[in-house]
Amino acid sequence: MSRMSSLVIDLMEAVETGASFETIARQFDVPVRWVMEAASMMDNPQDPDPGEMDGDAASALASVGWGTDEDYGGGDAF
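Residues numbered from 1 in each chain as written. Predicted model: local features only at pLDDT ≥ 70, side-chain atom pairs only at ≥ 80, totals over all residues. Heavy atoms only, no water.

Novice: Outline the packing of helix 1 (residues 3–16) against helix 2 (residues 21–28), supporting the account with residue identities and numerical values.
Specialist: Packed helices, taken two at a time, are described by the angle between their axes plus the distance between the axes. Two elements in contact, helix 1 and helix 2, have axes whose closest approach is 10 Å; the angle formed by their N-to-C orientations is 140°. The orientation of helix 1 relative to helix 2 falls into the category oblique. Helix-helix and strand crossings are classified by hand; for helix 1 and helix 2 the assignment is right-handed. The residues of helix 2 that touch helix 1, namely those facing Leu7, Asp10, Leu11, Ala14 and Val15, are Phe21, Ile24 and Phe28. Broken down by class, the residue content of the contact of helix 1 with helix 2 amounts to seven nonpolar, no polar and one charged. (Axes fitted to C-alpha atoms, helices over the stretch in contact; angles between N-to-C directions. Helix = DSSP H or I, 4+ residues; strand = E, 2+ residues; numbered from the N terminus. Parallel < 35°, antiparallel > 145°, perpendicular 65-115°, else oblique. Left-handed = near helix turned anticlockwise from the far one by under 90°. Contact = heavy atoms within 4.5 Å. Nonpolar A, V, L, I, M, F, W, Y, C, P; charged D, E, K, R; others polar.)

Novice: Just give me the short version of the confidence of the model for the protein chain, but keep the residues and values in it.
Specialist: Averaged over all residues, the pLDDT of the protein chain is 75; the fraction at 70 or higher stands at 53%. When mean pLDDT is taken per element in the protein chain, helix 2 scores highest with 94 and helix 5 (residues 69–72) scores lowest with 58. (pLDDT = per-residue confidence, 0-100.)

Right, here's the structure in full:
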């Protein structure tokens, strides 16, 4: 894991303790906006909710295990 990923996880854990953003920023010697960003990532995970799939054919086929064009060598990437 990269240092930045580890820092983000540490910031998220600190936010969960209920400490103020300013206190956490001082503790980790980072800007307050980094703490705010880590907190927002907790509220808005980057992995989509399975119920929010976009509905296109490629994602539907991939979700049932049929793979994608890249898995089968499709496309014009020769």
